[in-house]
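Summary of structural features
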Amino acid sequence: VKDKEEKRKYLSLVHRESERMANIVSDLLVLSKLEAKQLELEKVPLPLAQLVEDALEKYHLPMKEKGLELIIDMDPEIIVNGDATKIEEVIQNIMDNAINYTNKGSITVKLGKHKDGCSLLFKDTGIGIPKEDLGRITERFFRVNKARSRSDGGTGLGLAITKNIVQLHGGKLLIRSELGKGTEVEVILPAIEFEEN
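Residues numbered from 1 in each chain as written. Predicted model: local features only at pLDDT ≥ 70, side-chain atom pairs only at ≥ 80, totals over all residues. Heavy atoms only, no water.

Moving on, we come to the overall build of the protein chain. If you tally the helices and strands in the protein chain, you get 6 helices and 7 strands. Secondary structure elements in the protein chain, listed N-terminal to C-terminal, are α-β-α-α-β-β-α-β-β-α-α-β-β. Looking at the protein chain as a whole, 41% of its 197 residues qualify as buried. Pairs at least 24 apart in sequence give 71% of the contacts found in the protein chain among residues at least 6 apart. Per element, the accessible surface of the protein chain, about 12,000 Å² overall, is 52% carbon and sulfur. (Helix = DSSP H or I, 4+ residues; strand = E, 2+ residues; numbered from the N terminus. Buried < 20%, exposed > 50% of the residue type's maximum accessible area, 1.4 Å probe, protein only. Contact = heavy atoms within 4.5 Å. Areas by Shrake-Rupley, 256 points an atom, 1.4 Å probe, with all protein chains shown as cover.)

Structure below.
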């Protein structure tokens, strides 16, 4: 029985590690295509508030389980010319980080107008990022807390991918944080303005 239990643990570990490696390879392929500008975006006019709210649906339960509050404030009139799948990936990468590094409090997601188009802001009350690491946070494989990010299954490529997707949309990714005081990740994208009749 003991041998069976040990075998099961070993197989589970091998399975987890092989999944992690597959995720790293997949993320690296995406990132390489993004950096080489070989990834074609399928841009269409998107009502961004609806896209964000749909993407946030899957986070209600994990946040509830952690005792976190999700605060959503969306301007429904904002339309962007974007690739829905890729923008969803941006939202997922930012939200995964926010949930992984926030143990109490809230995550606020706010969409509003900005002088350069629109601003999609994610603000958490998590552990924050040390000042000296902020400049490197979007580099490949860079991890602020190496031990923790290995255990949460992340590849260390999420923010690098996010930055490239945002730039391919003609936007900017801004990250502001203070250790112990949470993090703000702001995605600024050009918006489509319709002429009034």
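The discussion continues.
Judged by side-chain charge, Glu 53, Asp 54, Glu 57 and Glu 88 come together as a negatively charged surface patch. Within the element layout of this structure, Glu 57 appears in the loop between helix H2 (48-56) and helix H3 (60-66). The exposed category is assigned to Glu 57, whose relative accessible area is 51%. (Patch = residues over 30% accessible without salt bridge, like charges linked within 9 Å, V, L, I, M, F, W, Y side chains within 5 Å. Salt bridge = Lys/Arg side-chain N within 4 Å of Asp/Glu carboxyl O. Lys, Arg positive; Asp, Glu negative; His and termini not counted. Charge placed at Lys NZ, Arg CZ, Asp CG, Glu CD.)

Looking at where Lys 86 falls in the secondary structure, it is placed in helix H4 (residues 84-100). Taking the relative accessible area as the measure of exposure, Lys 86 reaches 14% and is therefore buried.

Our focus in this paragraph is empty space enclosed by the protein. A water-sized probe, rolled over the atoms, reveals where empty space remains. Considering all chains together, one arrives at 1 cavity of 30 Å³ or more under this definition. Quantified by volume, the largest cavity comes out at close to 50 Å³. Lining of the largest cavity is provided by Ile 87, Val 90, Ile 91, Leu 120, Ile 165, Val 166, His 169, Val 187 and Leu 189. Counting residues per element, the ones that place at least two in the lining of the largest cavity are H4, helix H6 (158-168) and strand S7 (183-189). Here the lining of the largest cavity takes 3 residues from H4, the largest share from any one element. By residue class, the composition of the lining of the largest cavity is 8 nonpolar, 1 polar and no charged. (1 Å grid on protein atoms, 1.4 Å probe; cavity = no way out; pocket = protein on both sides within 12 Å on 5 of 7 lines; lining within 4 Å. Points joined across faces, edges and corners; volume = space filled by probe spheres on them. Nonpolar A, V, L, I, M, F, W, Y, C, P; charged D, E, K, R; others polar.)

The next thing to look at is the packing of H4 against H6. The N-to-C vectors of H4 and H6 enclose an angle of 145 degrees; their axes lie 9 Å apart at closest approach. Once H4 is placed against H6, the crossing between them reads as left-handed. Across from Lys 86, Glu 89, Val 90, Asn 93, Ile 94 and Asn 97 in H4, the residues of H6 making contact are Gly 158, Leu 159, Ile 161, Thr 162, Ile 165 and Val 166. Tallied by class, residues from the contact of H4 with H6 come to 6 nonpolar, 4 polar and 2 charged. (Axes fitted to C-alpha atoms, helices over the stretch in contact; angles between N-to-C directions. Left-handed = near helix turned anticlockwise from the far one by under 90°.)

With respect to the secondary-structure elements, Arg 176 resides in strand S6 (residues 172-177). Note on Arg 176: relative accessible area 36%, which makes it partly exposed. It is 7.6 Å that separates the C-alpha atoms of Arg 176 and Leu 134, two residues lying 42 residues apart in sequence. Discounting residues that sit within four places of it in the chain, Arg 176 has contacts with Leu 121, Thr 183, Glu 184 and Glu 186. A distance of 2.9 Å separates polar atoms of two side chains, one belonging to Arg 176 and the other to Glu 186. (Polar contact = N/O pair within 3.5 Å; in protein donor to acceptor, adjacent residues only side chain to side chain.)

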